[in-house]
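Working through the structure, step by step
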Amino acid sequence: MTNYTICIFTENTIGLLNRITIIFTRRRINIESLTVSETERKGVSRFTIVIKHESREEVEKLVRQIRKIVEVMAVFGYLNDEIVYNEIALFKISTPLGGKSLDVETINKQYKAWVVYWGLDYVVIEKTGNNEEIFDFFGYLKQYEILEFVRSGRVAVGKTEKGLVEYLPEADWAYYL
């Protein structure tokens, strides 16, 4: 199975997420990761959806179906080598008195992860990277007591020179300051 990242630029509209995910459900395609946020333009949202599928043709059909939704401005399907992407993970690690101490130097230098909160009984460590890097770090942290683990969906940008501006209709867009 091949990983595909589908980037969808839309108007920021109530109920749109439901209409987009129904297309995946009808085609019996599982969403591995889903991230939605506003873009640099006010009122324009970007959906980044990761799926695994055997057939590129089926993914292309899926993209064409998404394009038919009125509020969708642009849709792009990418393979992993066509994008720059990352995820973020947070690990809550127990640090009781008398317990095994954290090797912060290894965490920082070898795994490029950072302690972002230091409490009395636990620390929260942030790790960014791809799926393999995050789970490699997870394997390292198994020597400690992991209280919680959460990771975001993928965020990605295409490796093309063009940005969002070239794909959206002409308009007077408001930008964030």
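Residues numbered from 1 in each chain as written. Predicted model: local features only at pLDDT ≥ 70, side-chain atom pairs only at ≥ 80, totals over all residues. Heavy atoms only, no water.

1. As for the packing of aromatic side chains
Keep this limit in mind: For Phe, Tyr and Trp, rings pair up if their centres lie within 6.5 Å, where Trp contributes its six-membered ring, and each pair is then called stacked (planes under 30 degrees apart), edge-to-face (over 60) or tilted (otherwise). Each helix is a run of H or I in the DSSP string that is no shorter than four residues. Each strand is a run of E no shorter than two, and both are numbered from the N terminus. Between buried and exposed lies partly exposed: a residue is buried under 20% and exposed over 50% of the maximum accessible area for its type, with that area taken using a 1.4 Å probe on protein chains only. Either the NZ atom of lysine or the CZ atom of arginine qualifies as a charge over a ring when it sits within 6 Å of the ring centre and within 35 degrees of the ring normal.
For the structure shown, the criterion picks out 13 aromatic pairs. Both rings, one in F137 and one in Y140, keep their centres 6.2 Å apart while their planes meet at 20°; by these two values the pair is stacked. With a gap of 3 residues between them, F137 and Y140 both fall in helix α4 (residues 131-141), about one helical turn apart. A single burial state applies to F137 and to Y140, both of which are buried. A cation over a ring is seen here: K92 above Y122, with NZ or CZ 4.8 Å from the ring centre.

2. Details of the side chain of S45
To keep it simple, the criterion reads: By the convention used here, residues are in contact when the closest approach between their heavy atoms is within 4.5 Å.
Mapped onto the elements, S45 comes out in strand β3 (residues 44-53). By relative accessible area, which is 5% here, S45 ends up buried. What S45 contacts, discounting residues up to four positions off in sequence, is I8, F9, T10, N12, V36, S37, E38 and T39.

3. What about the sheet that holds β3?
To keep things clear, this is the line we draw: We treat two strands as partners when DSSP finds at least two bridges between them. Helix axes use the C-alpha atoms of the stretch in contact, all axes being lines fitted to C-alpha atoms, and the angles between their N-to-C directions lie in the range 0 to 180 degrees.
Spatial strand order, β2-β3-β1-β4: 4 strands in an open sheet with antiparallel pairing. Pairing within the sheet leaves two strands with one partner each, and these edge strands are β2 (31-38) and β4 (72-79). Across the sheet, the mean angle from the axis of one strand to that of its neighbour is 15°, orientation sign disregarded. Of the pairings in the sheet, the one linking strand β1 (residues 2-11) to β4 comprises 7 bridges and is antiparallel in character. The residue of β4 that forms the bridge with I6 is G77. Along the sheet, helix α1 (residues 16-26) makes contact with β1, β2 and β3, crossing β3 at roughly 20°.

4. Description of the environment of E132
Relative to the elements of secondary structure, E132 occurs in helix α4. Judged by relative accessible area, E132 falls into the exposed class, the value being 57%. Here the alpha-carbon distance between E132 and I20, two residues 112 residues apart in the chain, equals 28 Å.

5. A short note on the side chain of T35
The condition is simple: Any pair of nitrogen or oxygen atoms within 3.5 Å is treated as a polar contact; in protein, a donor-acceptor pairing is required on top of that, and neighbouring residues in sequence qualify only through side-chain atoms on both sides.
Tracing the chain through its elements places T35 in strand β2. Engagement of the side chain of T35 in a polar contact is seen with the backbone oxygen of R154, the distance being 3.1 Å. Beyond its immediate sequence surroundings of up to four residues, T35 is in contact with R46, F47, T48, G153, R154 and V155.

6. A short note on α4
In an α-helix, one full turn covers 3.6 residues, which means residues spaced three or four apart are oriented alike. The test is simple: Directions from the helix axis toward the C-beta atoms define the arc.
Those residues of α4 that fall on the buried side of the exposure criterion are I134, F137, Y140 and L141. Buried positions in α4, seen along its axis, are confined to an arc of 115° and lie on one side of it. Those residues of α4 hidden inside the fold are in contact with β5 (83-94), α3 (104-109), β6 (113-118), β7 (122-129) and β8 (146-151). The N-cap of α4, judged by a side-chain oxygen 3.1 Å from the amide nitrogen of E132 a few residues on, is N130.

7. Things to note about α1
Along α1, the positions that sit buried rather than exposed are L16, I20, I23 and F24. What you see down the axis of α1 is that its buried residues fit within an arc of 100°, all on one side. Of the exposed residues in α1, those oriented more than 90 degrees away from the buried face are T25 and R26. The inward-facing, buried residues of α1 contact β1, β2, β3 and α2 (56-67). One or two steps after α1, the chain reaches R28, where phi turns positive at roughly 55°.

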